[in-house]
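The primary structure of each chain is shown beneath.
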Amino acid sequence: MSILVLGGAGYIGSHTALELVRAGKRVVVADDLSTGHIAAVPDGAKFYKGDLRDRAFLDGLFECEKIDAVIHFAAYSLVGESVENPLKYYDNNLCGTRVLLSSMTEHNIGKIVFSSTAAVYGEPENIPILETDRTVPLNPYGETKLAMEKMFYWTARACGLEYVSLRYFNACGADRSGSIGEAHSPETHLIPILLECANGKRKEISVFGTDYDTPDGTCVRDYIHVTDLAGAHISALEYLEGGGKSDIFNLGNGVGYSVREVLEAARRVTGKPIPAREAPRRAGDPARLVASGEKARSVLGWQPRIPDLEEIISDAWRWHSAHPDGYAE
């Protein structure tokens, strides 16, 4: 089976490509390297550099490679940036996906697994969040991901596409080999920011908002190891290959940790003080996002293998302490 991983030089995409290679799949990675890193593409994967919005690029790739299924990570994903520059997100995330589906349809590629997000829910009505709960995104990032999901749904009805959308919560950690990890510029995710402080790359972290309706006033999130996310994409592919119907699944541990709790866990793991200061809320941040992963467990047969927060941070710290400048070395 030959799998195209779009955005496979990025954080979650590279970990998924690595797990696919380990599983014996033939892996093709395509990435424009605007946020990804060529060094993150695993040995054994064939690489193409190109833009998702470039129809000629996609057509050429599908004509050169016999692709059986696509995993789609090629979307912009910064909440704050999406609020400041929404048209950038509509252009890449929506227009790019439209081009992709047009090319896939023409080349008779009928299976896709999509990297969606918990941001589609907005401020949830219930905790833990079910796949059937209302979807009212608070930012253009979540709005574009929700629109992408609907694009898959209507394309499936019209053209027979088979898809799985994986709505995952806060990705974190790193592959235990230490060969790849999380490296964004600028970095906006909490755990790598904490570890940059531990590495002496930052003076302090900012705790954005301390007046939320949560036990300690800071945002609560569900943290999921990136290797577990990678395994879920493989489970979703196998589900589609086995005749499973198009569907949407949450991916999370079902446990929420506040910003302050994550900060204290990082201090314990690293043995570093990690200074922190309070700052105003950021636009578009819900108070709580915690998943119900029951549907993924019962239908896909998937469940997290590394649910412990300190274990997740330890894997991330192994990468960051060995690669304080990310892939810049």
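Residues numbered from 1 in each chain as written. Predicted model: local features only at pLDDT ≥ 70, side-chain atom pairs only at ≥ 80, totals over all residues. Heavy atoms only, no water.

(A) The arrangement of the overall build of the protein in detail. Of regular secondary structure, the protein possesses ten helices and 13 strands. Relative to its length of 329 residues, the protein is compact, with a C-alpha radius of gyration of 19 Å against a globular reference of 20 Å. When the 329 residues of the protein are sorted by exposure, 56% land in the buried category. Sequence-distant contacts in the protein: of pairs separated by 6 or more residues, those separated by 24 or more amount to 76%. Accessible surface, the protein as shown: approximately 13700 Å² in total, 49% of it carbon and sulfur. Computed over 34 positive and 45 negative side-chain charges, the separation of the two mean positions in the protein equals 0 Å. (Helix = DSSP H or I, 4+ residues; strand = E, 2+ residues; numbered from the N terminus. Rg over C-alpha atoms; globule rule 2.2 N^0.38 Å. Buried < 20%, exposed > 50% of the residue type's maximum accessible area, 1.4 Å probe, protein only. Contact = heavy atoms within 4.5 Å. Areas by Shrake-Rupley, 256 points an atom, 1.4 Å probe, with all protein chains shown as cover. Lys, Arg positive; Asp, Glu negative; His and termini not counted. Charge placed at Lys NZ, Arg CZ, Asp CG, Glu CD.)

(B) Seen up close, helix α7 (residues 226-241). With 16 residues, α7 extends 23 Å from end C-alpha to end C-alpha; this agrees with the ideal 22 Å at 1.5 Å per step. In terms of burial, α7 is largely enclosed, as 13 of its 16 residues are buried. Directly beyond the C-terminal end of α7, a positive phi value near 95 degrees is found at G243. (Expected span 1.5 Å × (residues − 1).)

(C) Region of interest: the packing of helix α8 (residues 259-270) against helix α10 (residues 309-322). Closest axis-to-axis distance for the α8/α10 pair is 9 Å, and the angle between their directions is 55 degrees. Comparing their axes, α10 and α8 come out oblique. Here α8 runs over α10; the crossing is right-handed. On α10, the residues touching V262, A265, A266, R268, V269 and T270 of α8 are L309, E310, I313, S314 and W317. Of the residues in the contact of α8 with α10, the class split is seven nonpolar, two polar and two charged. (Axes fitted to C-alpha atoms, helices over the stretch in contact; angles between N-to-C directions. Parallel < 35°, antiparallel > 145°, perpendicular 65-115°, else oblique. Left-handed = near helix turned anticlockwise from the far one by under 90°. Nonpolar A, V, L, I, M, F, W, Y, C, P; charged D, E, K, R; others polar.)

(D) Highlighting the pairing of strand β4 (residues 69-72). Neither face of β4 is open: one carries A69 and I71, the other V70 and H72, and all of them are buried. Across four bridges, strand β1 (residues 2-6) lies against β4 in parallel orientation. Looking at β4, one finds that V5 is bridged to I71. Across three bridges, β4 lies against strand β5 (residues 111-117) in parallel orientation. (Pairing = 2+ DSSP bridges.)

That is the geometry; function is a separate question.
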